[in-house]
Amino acid sequence: MSGEIAEAFARAKARGEGALVAYAMAGDPDLTRSVDVFAACVEGGADILEIGVAFSDPIADGPVIQAASERALKAGATLKRVLDEVVPAVRARCPQTPLVVMTYVNVVMALGEERYAKLARERGVSGTILPDLPPEESEGIRAAFDKEGLDLIPLCAPTTSPARAESIAKDARGFVYCVSVAGVTGMRSELPANLSERLEMVRRTSPVPVAAGFGISNAEQARVVGAHADGVVVGSAIVRAAQADGPAAARQVCAEIKRGLKR
Amino acid sequence: MENMDTQTAPGRFGRYGGRYVPETLVPALLELEQAYAEARKDPAFDEQVTQVLREFVGRETPLTPARRLTEQWGGAEVWLKREDLAHTGAHKINNTIGQVLLARRMGKKRVIAETGAGQHGVATATACALFGLTCEVYMGALDVERQALNVFRMKALGATVHAVESGSRTLKDAMNEAMRIWVAQVEDTYYVIGSAAGPHPYPTIVRDFQSVIGREIRTQSLVAFGKLPDAIIACIGGGSNAIGALHPFVEDKDVRLVGVEAGGHGLDSGQHGASLTLGTEGVLHGSRSLVLQDENGQIIEAHSISAGLDYPGVGPELAHLAKTGRVEVRTATDDEALAAFYRVSRTEGILPALESSHAFARAGELARELGKGKHLVINCSGRGDKDVATIAARGIPAATQEKA
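What you see is a predicted model, and the numbers here were worked out from it, not measured in a lab.

### Comments concerning the overall build of chain A
Within chain A one finds twelve helices and nine strands. Relative to its length of 263 residues, chain A is compact, with a C-alpha radius of gyration of 16 Å against a globular reference of 18 Å. Projecting the C-alpha coordinates of chain A onto the three principal axes gives extents of approximately 40 × 40 × 35 Å. Looking at the 263 residues of chain A, the share that counts as buried comes to 62%. Partitioning the contacts of chain A with sequence separation of at least 6, the portion at a separation of at least 24 is 75%. Element-wise, carbon and sulfur atoms account for 50% of the exposed surface of chain A, whose accessible area totals about 9500 Å². Separation of charge centres in chain A, based on 30 positive and 33 negative side chains, amounts to 4 Å.

### A closer look at the pairing of strand 8 (residues 210-213) of chain A
All names here are of chain A. Burial along strand 8 is two-sided: Val-210 and Ala-212 facing one way and Ala-211 and Gly-213 facing the other are all buried. Alignment of strand 7 (residues 176-179) against strand 8, held across four bridges, turns out to be parallel. Note on strand 8: the bridge partner recorded for Val-179 is Gly-213. The parallel pair strand 7 and strand 8 is bridged by helix 9 (residues 195-205), and the resulting crossover is right-handed. Direction of pairing for strand 8 relative to strand 9 (residues 231-234): parallel, over a ladder of two bridges. By the bridge assignment for strand 9, Ala-211 is matched with Gly-231. Taken together, strand 8, helix 10 (residues 219-226) and strand 9 constitute a β-α-β crossover, and its handedness is right-handed.

### Examining the sheet that holds strand 7 (residues 160-164) of chain B
All names here are of chain B. Reading across from one edge, 7-6-5-8 is the order of the four strands in this open sheet, with parallel pairing throughout. On the outer flanks of this sheet lie strand 7 and strand 8 (189-192), each paired with one strand and no other. In this sheet, neighbouring strand axes are inclined to one another by 25° on average, regardless of whether the strands run parallel or antiparallel. With five bridges connecting them, strand 6 (residues 134-140) and strand 7 associate as parallel partners. Bridge pairing in strand 7 places Val-137 opposite Val-161. Strands in contact with helix 5 (residues 119-131) are strand 5 (110-115), strand 6 and strand 8; relative to strand 5, the strand with the most contacts, it is inclined by about 165°.

### Notes on the environment of A:Gly235
Looking at where A:Gly235 falls in the secondary structure, it is placed in the loop between strand 9 and helix 11 (236-245). Residues A:Gly235 and A:Tyr23, spaced 212 residues apart in sequence, show a C-alpha to C-alpha distance of 4.5 Å.

### So, the UniProt feature "active site" (unreviewed entry) in chain A
The sites that carry the UniProt feature "active site" (unreviewed entry) are, in the present numbering, A:Glu50 and A:Asp61. Classification of A:Glu50 as buried rests on a relative accessible area of 1%. In contact with A:Glu50, other than residues within four places in its own chain, are A:Val21, A:Ala22, A:Tyr23, A:Ala24, A:Phe38, A:Val100, A:Met102, A:Ile129, A:Tyr177 and A:Val233. Its place among the elements puts A:Asp61 in the loop between strand 2 (48-52) and helix 3 (63-74). According to the relative accessible area criterion, A:Asp61 is buried, its value standing at 5%. Setting aside its immediate chain neighbours within four residues, A:Asp61 contacts A:Gln66, A:Tyr104, A:Val184, A:Thr185 and B:Arg180.

### Side note on the interface of chain B and chain A
Residue-level contacts link 34 residues of chain B with 36 residues of chain A. Summed over both partners, the interface of chain B with chain A comes to about 2600 Å²; 53% of that surface belongs to carbon and sulfur atoms. For the chain B face of the interface with chain A, the top three residues by lost area are B:Glu23, B:Arg180 and B:Gln298, together amounting to 26%. Linking chain B with chain A are three salt bridges, by the criterion used here. Note that B:Arg12 is salt-bridged to A:Glu137, the shortest N-O span being 2.4 Å. The interface formed by chain B and chain A includes 18 residue pairs in polar contact (both at pLDDT 80 or more). Breaking the side of chain B that touches chain A down by element, the ones donating at least two residues are helix 1 (26-41), helix 8 (171-184) and strand 11 (280-284) of chain B. Take the side of chain B that touches chain A: its biggest share by element is seven residues, from helix 8 of chain B. Among the residues making up the side of chain B that touches chain A, the classes are represented as 13 nonpolar, eleven polar and ten charged.

### Description of the pattern of salt bridges
Tallying each qualifying case throughout the model produces 54 salt bridges over all chains. The salt bridge partner of A:Lys262 is A:Glu17, with a shortest N-O separation of 3.5 Å. Remark: A:Glu17 occurs in the loop between helix 1 (4-14) and strand 1 (19-25) and A:Lys262 occurs in the segment after helix 12 (247-261); sequence separation between them is 245 residues. Of the residues examined, A:Lys262 reaches a relative accessible area of 48% and is grouped as partly exposed. With a shortest N-O distance of 3.3 Å, B:Arg19 and B:Glu33 are connected by a salt bridge. With B:Arg19 in the loop between strand 2 (16-17) and helix 1 and B:Glu33 in helix 1, this residue pair connects regions lying 14 residues apart in the sequence.

### Focus: the sheet that holds strand 14 (residues 375-380) of chain B
Residue and element names in this part refer to chain B. The strand order across the open sheet built from six strands is 3-4-14-9-10-13, with neighbouring strands paired in mixed fashion. Whereas interior strands pair on both sides, the edge strands pair on one side only; in this sheet they are strand 3 (63-65) and strand 13 (327-333). Here the strands of the sheet are splayed against their neighbours by 30° on average, with no regard to which way each runs.

Criteria and thresholds
Residues numbered from 1 in each chain as written. Chains lettered and ligands numbered in written order. Predicted model: local features only at pLDDT ≥ 70, side-chain atom pairs only at ≥ 80, totals over all residues. Heavy atoms only, no water. Helix = DSSP H or I, 4+ residues; strand = E, 2+ residues; numbered from the N terminus. Rg over C-alpha atoms; globule rule 2.2 N^0.38 Å. Buried < 20%, exposed > 50% of the residue type's maximum accessible area, 1.4 Å probe, protein only. Contact = heavy atoms within 4.5 Å. Areas by Shrake-Rupley, 256 points an atom, 1.4 Å probe, with all protein chains shown as cover. Lys, Arg positive; Asp, Glu negative; His and termini not counted. Charge placed at Lys NZ, Arg CZ, Asp CG, Glu CD. Pairing = 2+ DSSP bridges. Right-handed = clockwise from strand over helix to strand, strands pointing away. Axes fitted to C-alpha atoms, helices over the stretch in contact; angles between N-to-C directions. UniProt positions renumbered as here; feature names shortened; annotations may be inferred. Buried area = accessible area lost by both parts, 1.4 Å probe. Salt bridge = Lys/Arg side-chain N within 4 Å of Asp/Glu carboxyl O. Polar contact = N/O pair within 3.5 Å; in protein donor to acceptor, adjacent residues only side chain to side chain. Nonpolar A, V, L, I, M, F, W, Y, C, P; charged D, E, K, R; others polar.

Right, dumping it as structure tokens:
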């Protein structure tokens, strides 16, 4: 375990807040300017940063992040370049904020699982989320990550049975990412009615914090969901704001969500 | 090659296969795996599939002697497995009948599918019309423009066609979008995958339903020339017709199994669909296989004159069979496939699909390699009517040119 992620959740909790995990796309609109977006998220109150690394075929993502992926790929955002150029710059500007990479398994495989784990850890990454790597396929990668102390953060879905959720939580590193809706990433006007129950269920069995994500874009949703989780993940709302109006808009989205997470 | 039975663990073929999908889909894939295993054990299900294939699809399809090609090529005796004569004009229907019956057995009301050229979309829409299920087909916007005939056929059959605008607006993006839609509607929706690719159990399901091709070749060869063929050749895109024709012969070590990939503008051009020949190990659309990708793990767009081979991945079992050497892999360029299209049309009276034309393009050499007295079966996976606009746009060669 990296330890940094647990500390970030604990610090938020000590302040009486749910943690905000803020996602933005590395390389959108280009590598340098995406660093400003990440830094703005932390200014807005983000407790953990999720660094999106683009993949050509993002099957778990909705239109906002798909479009951001295409922009980032055009700007030359490869995993190697993100680790070499974006991650160190974000670390320098936000030294207290743990960084988590979110990408697809093929991107990590292409760099090499072990090589990636070592490099990511050296650059100061605490964990990694791979939305197309379910538990059945994750053993080898988790072992490679464990060796370097890089957390493989698992996902739980609305379709995951309680028994399966329990086993996912048991093997979790960093935090459990609870997907709030059956679907892809992106803003939703309504979240499922049984979400709070599912979150409490995972929370009871999880040795690590539980964060809910997919579909959360405003303070009210964050307040409702945050009451049953240790934190929320916000992505598309930040990516859309940053693309439309720049880093200051991303900061504003984070600050608004953070208001909803105050208890 | 000791491990001839290629499935090494559930859903694994050597290093390839698996189930690399969002967690939301895993329970649905587990449910499908179980429902399929139960269906396989139920003789009534098998009888039902066989009956529909006979009464509706028109199986078995003939094994036709290609006397003039045999003479022209001057080598092995050439026979054609006529999947072009199956209802809807290609082998794709073998799989969609099976999967739509499975969907019905599972109580699903709604079916989704991806399609490239539209053949799988048409075959899925056909099966859904036959059994009264709602059908939605996802198709790259570029393919919707290029394949107007098949778009019309799908709509006429009552399906809704969604044009996918993301990425390269072709088959791989249609498959991405179908998976995204499935994630959102997984409770009541059955996803019919048309290629022997995708997450486990799809490569196995598609192989099993398409293996009717190879099983028929087996029986028909014994009747027609008293032994198994010496070689079978099929084109490979995602690989559904190839795995169907070749898999029943994997254990027959004396039968050479040959696949032909899309060479596009040439293997050096960077514009081709040769994932077995030039691909590297990666994960695309839910399984680990050989894919066309750059050094950063980004998938490269494939190219082929035939939309059905225009795919940057390949089924995991074929990847395993190719890597272990059981299936020999060759390639044919766009131009070679076109030349083969005219040769077959003018010497045998059959307009083969551009996909199948790739198999024909390499079959002459193979016939000569085998030599006289041997028997070669070419899987004619579909008919070329869908391709006439593409082919005619390049100008029609004078008839004399084809006299060999």
